[in-house]
Amino acid sequence: MSGRPNIGGIRETFAPWEDPTARPLVRFEGVSKAFGDTQAVNDVSLSIYEREFFALLGPSGCGKTTLMRMLAGFEQPDAGQVMLAGRDIAADPPHRRPVHMMFQSYALFPHLSVAQNIAFGLKRQGVARAEAAARVEEMLALVRLEGLGRRRPDQLSGGQRQRVALARALAPRPRILLLDEPMAALDKKLREETQFELMNLQQTLGLTFMIVTHDQDEAMVVADRIAVMRAGEIVQVGRPAEVYEAPADRYVAGFIGDVNLFEGRVATSEGGRVRLLSQDGPIEAEGAGPVGETAWIAVRPEKVAVHSEPQPGDNVLAGTILDYGYLGDWTTYLVEVAPGRTIRAARANATRTVVRPLGCGDAVWLSFEPASAVVLTR
Amino acid sequence: MKRGPSAFNIASVVLGLAFLYAPIVILVLYSFNASRLVTVWAGFSTRWYAALFRDQQMLDAIWVTLRVGVISATIATVLGVLAAVALTRSRARSRVVLAGGVYATLVIPEVILGLSLLLLFVAAGLPRGFWTVTLSHATLTLAYATVVVQARLQSFDRSLEEAAQDLGCPPWKAFALVTLPGIAPAVAAAWMLAFTLSLDDLVIASFTSGPGATTLPMRLYSQVRLGVNPEINAVSTLLIGLVATGVIAAYLIQQRRRPSA
């Protein structure tokens with residue numbers, strides 16, 4: 001595949017979904033589910049591969065949790081098949097599925113100790129007492145809770161409880177581990193630590209993880225692939241970089257990260273380049289589009305450069321700085337290019353000091369490369 | 001500046017408590033009276049307690065009452081737990097019907113309930129006795145037990161049960177291993193309440209009892225009609241003690257193991 005530019009600049013070595021001979025571990029085949037009048041999941045087909053860290057991402061109520069609960073066995077699909085390792089498991093009740101779930105509320109058993117909680121699934125599997133005890137110790141070490149086995153859940157901090165829930169779900173060695181908003185209750189710092197711990201754990205154990213989250217940053221950090229959902233349907237499935245840099249439509253572009261959209265009629269589309277006539281003037285982007293029809297060009301704020309002098313060439317917009325936000329690592333500028341029309345630009349603060357500072361009311365020129373923008377037809 | 005309770009408040013509390021408890025206090029005091037005359041104090045004595053424990057009829061009645069109480073409370077609690085589960089888990093429409101059915105016995109006058117139970121037993125050809133009283137008491141106390149258990153079940157996190165199923169428990173086992181320990185205080189409280197209600201019931205027992213199954217309240221009532229004797233005060237004091245213990249225990253059990261946070 002040499003010659004084709006890499007999206008996102010990350011060289012992936014793990015990509016079973018690109019291998020046509022690979023058999024998925026989990027396969028949703030035309031799955032639908034309604035609650036009353038609400039169509040929670042609508043004709044979803046999806047493959048998840050062994051050792052993959054897969055994220056279902058979407059706003060609340062988009063059906064991502066329902067989809068996960070169908071894999072766990074707590075919901076029955078109205079139509080379609082849920083396959084695990086090539087077998088339809090629709091008829092299996094939750095307790096017969098080698099699929100374990102980490103609940104959003106953690107759902108630790110309050111009347112049992114930490115060790116008893118972790119041993120719960122092992123006991124049901126009929127693992128011998130000595131072996132179960134050894135496995136509990138192993139799990140406690142894995143989640144760095146050595147010596148806390150005798151505590152009760154209510155004697156633990158939120159982060160510790162989360163790790164017990166994780167150890168409990170991992171102890172019986174599931175074929176796939178389901179994580180339902182696992183970090184929703186943690187603060188930001190702890191959440192970032194936990195994300196890397198989860199990835200480490202998944203790599204070390206060589207397990208398949210499926211996470212449900214509404215937090216796009218979280219999905220981007222942990223997942224090999226992300227499925228973006230909206231109103232019960234999957235809009236796009238891809239690696240984080242693909243979903244971010246080559247969104248399928250305006251919804252995905254706007255849901256993951258910030259985006260500037262230019263709407264207009266496609267004037268020309270040739271040589272891998274589209275020229276769009278927008279209200280902000282002609283805008284060019286790499287790609288293809290239907291000539292004469294409405295399309296959108298999307299560009300991310302960090303790909304928009306801010307200059308203090310007029311710039312030559314295409315894709316240049318003049319405006320004044322309306323507002324800015326200093327985030328430490330980044331500064332984002334809100335630039336008004338026409339009355340009521342603003343463009344977002346972001347600049348990495350690569351140096352501590354800047355010779356020519358920018359502030360509100362300053363005249364600036366924005367520019368971006370056609371290669372940095374993407375054409376959307378939906 | 002700290003303000004103590006006003007004289008009015010103190011007076012209200014004292015009078016209120018006196019209104020509620022003066023009769024009971026007098027009964028308890030006179031159970032320790034040395035005199036045979038109920039209204040004349042002749043010094044402290046436990047002779048009536050001794051007499052009570054020689055009164056075989058009275059002892060029999062106590063024994064019947066305890067057995068009826070334990071068995072009927074157990075039946076009512078088991079059914080109450082099942083009913084509470086059905087009530088909390090069922091769909092909205094069937095829940096209304098089911099709840100109406102269960103709670104109706106709370107408002108049906110006891111006389112009517114007793115009479116209808118009697119008619120049922122007669123129609124079914126069941127001889128009145130120990131088991132008819134026991135079953136009737138289970139009917140009477142079922143609704144109370146259900147209310148107590150249902151209140152706890154409603155606040156019980158269902159994802160705990162799902163987690164247990166997820167880890168390999170069939171639904172019934174998930175209930176037994178996770179839900180039941182979680183609602184155990186409420187179940188114990190429900191049993192205590194049912195037992196206490198059975199203990200002091202006179203109306204239903206009068207309708208549904210038969211020869212050889214005279215409960216303590218029935219025995220007391222028939223004795224009082226012949227004249228109050230201090231032995232009755234003694235047995236009443238014991239009964240009050242038992243009921244009070246049951247109620248307080250039920251309260252304490254419910255308080256304990258509530259999440260303290």
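Definitions and limits used
- Here, residues in each chain are numbered from 1, in the same order as that chain's written sequence.
- Written order determines the labels here, with chains lettered from A and ligands numbered from 1.
- Per-residue local features of the predicted model are confined to residues with pLDDT of at least 70, and side-chain atom pairs are confined, for both listing and counting, to 80 or more; whole-chain, interface and lining totals are unaffected and use all residues.
- As a rule here, side-chain values come from all non-hydrogen atoms in the structure, and water together with hydrogens is ignored.
- Per residue, pLDDT measures the predictor's confidence, with a range of 0 to 100.
- Domain delimitation in this document rests on an assignment produced automatically or drawn from a domain database.
- Contact between two residues is taken to exist if any of their heavy atoms lie within 4.5 Å; hydrogens are not considered.
- Summed over both partners, the accessible area (1.4 Å probe) lost when two parts come together is defined as the buried area.
- The term salt bridge refers to a side-chain nitrogen of Lys or Arg lying within 4 Å of a carboxyl oxygen of Asp or Glu.
- A run of H or I in DSSP becomes a helix once it reaches four residues, and a run of E becomes a strand once it reaches two; helices and strands are each numbered from the N terminus.
- Strands were regarded as paired on the criterion that DSSP finds at least two bridges between them.
- To obtain an axis, a line is fitted to C-alpha atoms, over the contacting stretch when the element is a helix, and the angle between two such axes runs from 0 to 180 degrees between their N-to-C directions.
- Under this scheme an angle from 65 to 115 degrees is roughly perpendicular, one under 35 degrees roughly parallel, and one over 145 degrees roughly antiparallel; angles in between are oblique.
- Handedness of a helix crossing follows the sense of rotation of the near helix relative to the far helix, less than a right angle counterclockwise being left-handed and clockwise being right-handed.
- When residues are sorted by character, Ala, Val, Leu, Ile, Met, Phe, Trp, Tyr, Cys and Pro go into the nonpolar class, Asp, Glu, Lys and Arg into the charged class, and all the rest, Gly among them, into the polar class.

**What about the confidence of the model for chain B?**
With 97% of its residues at a pLDDT of at least 70, chain B reaches an overall mean of 86. On the interface metric, ipTM, the complex scores 0.78, and its pTM is 0.77.

**Considerations on the domain arrangement of chain A**
Residues and elements named next belong to chain A. Each domain of chain A was delimited in the assignment, giving domain 1 (16–98 + 174–252) and domain 2 (259–376). Facing the seven residues of domain 1 at the interface are seven residues of domain 2. Both sides of the domain 1 and domain 2 interface together cover about 670 Å² of buried area, and 55% of this is carbon and sulfur. Our count for the domain 1 to domain 2 interface comes out at one salt bridge. Across the pair Lys303 and Glu245 runs a salt bridge whose closest N-O atoms are separated by 3.0 Å.

**What to know about the side chain of Ser236 of chain B**
In this fold, Ser236 of chain B is placed in helix 11 (residues 230–255). What Ser236 of chain B contacts, discounting residues up to four positions off in sequence, is Leu27 and Leu220 of chain B.

**Thoughts on the pairing of strand 1 (residues 26–35) of chain A**
Residue and element names in this part refer to chain A. As judged from the seven bridges shared by strand 1 and strand 2 (residues 38–48), these two strands associate in the antiparallel manner. Following the sheet pairing, Lys33 is matched in strand 2 by Val41. Two successive antiparallel strands, strand 1 and strand 2, enclose a turn made up of two residues, where Gly36 displays a positive phi of approximately 60 degrees.

**Observations regarding the environment of Asn229 of chain B**
All names here are of chain B. Relative to the helices and strands, Asn229 resides in the loop between helix 10 (216–226) and helix 11. Here the alpha-carbon distance between Asn229 and Leu37, two residues 192 residues apart in the chain, equals 7.5 Å. Excluding residues that lie within four positions of it along the chain, Asn229 makes contacts with Val38 and Gln223.

**Topic: the packing of helix 7 (residues 158–166) of chain B against helix 8 (residues 171–199) of chain B**
All names here are of chain B. Taken N-terminus to C-terminus, the directions of helix 7 and helix 8 make an angle of 125 degrees; their axes are 9 Å apart at the nearest point. If you check the angle between helix 7 and helix 8, you find them oblique. Considering only the axes of helix 7 and helix 8, their crossing is right-handed. Taking contact as the criterion, the partners of Leu160, Glu161, Ala164 and Gln165 in helix 7 are, on helix 8, Pro171, Ala174, Phe175, Val178 and Thr179. Looking at the contact of helix 7 with helix 8 residue by residue, the class counts come to six nonpolar, two polar and one charged.

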